[in-house]
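Coordinate inspection notes
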Amino acid sequence: QNAGNECSWQLAEPLLPGGYEVFLTHLPEERCGGNLRIEAGFHRLTCTIVSSGATGATGATGATGELQRVAVGTIRITEETSNIVIVAETVPYETLTRIHCMELRPALP
């Protein structure tokens, strides 16, 4: 994975407009980490993934080789949102992380 690489998910069905909590399930590894950006149309959310065993940032719990589900923040979905894009912003190590799935849940008011 290099800075600028991206992946996207097509929404299976339209979501109601509003704020959604974003959860990533990923597989942290030694010497992985960096910053990623999640985009839903013009709305953006950034987060930091750190190597397993480190402390103080998203994805910092658990052991290498174990899937982790982490809340990365809230993003706004509009009527025009049809897909979600994840972009690697900085990748200072060998890889950012291995994302297994992304989940959106309506944010609590």
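Okay, so let's go over this structure. (Residues numbered from 1 in each chain as written. Predicted model: local features only at pLDDT ≥ 70, side-chain atom pairs only at ≥ 80, totals over all residues. Heavy atoms only, no water.)

1. Topic: the overall build of the chain
- Helix and strand counts for the chain come out as 0 helices and 7 strands.
- Seen in sequence order, the chain has helices and strands lined up from the N terminus as β-β-β-β-β-β-β.
- When burial is assessed residue by residue, the chain has 40% of its 109 residues classed as buried.
- Put simply, 77% of the contacts in the chain that link residues at least 6 apart link residues at least 24 apart.
- When the accessible surface of the chain is split by element, carbon and sulfur atoms take 50% of a total near 6300 Å². (Helix = DSSP H or I, 4+ residues; strand = E, 2+ residues; numbered from the N terminus. Buried < 20%, exposed > 50% of the residue type's maximum accessible area, 1.4 Å probe, protein only. Contact = heavy atoms within 4.5 Å. Areas by Shrake-Rupley, 256 points an atom, 1.4 Å probe, with all protein chains shown as cover.)

2. Details of the sheet that holds strand β6 (residues 83–90)
- Taken together, 4 strands build an open sheet; the order of strands is β1-β6-β3-β4 and the sheet is antiparallel. The open sheet is flanked by β1 (6–10) and β4 (43–49), the only strands paired with a single partner. Between one strand and the next, the sheet's axes are offset by a mean angle of 20 degrees, whatever the strand orientation.
- Summarising the sheet, strand β3 (residues 34–40) and β4 pair through 7 bridges and their orientation is antiparallel. Paired with N35 across the strands is T48, a residue of β4. (Pairing = 2+ DSSP bridges. Axes fitted to C-alpha atoms, helices over the stretch in contact; angles between N-to-C directions.)

3. Topic: the side chain of R37
- Mapped onto the elements, R37 comes out in strand β3.
- Reaching out from R37, the side chain makes a polar contact with the side chain of E39 at a distance of 2.6 Å.
- The residues contacting R37, other than those within four sequence positions of it, are R44, L45, T46, V85, I86, V87 and E89. (Polar contact = N/O pair within 3.5 Å; in protein donor to acceptor, adjacent residues only side chain to side chain.)

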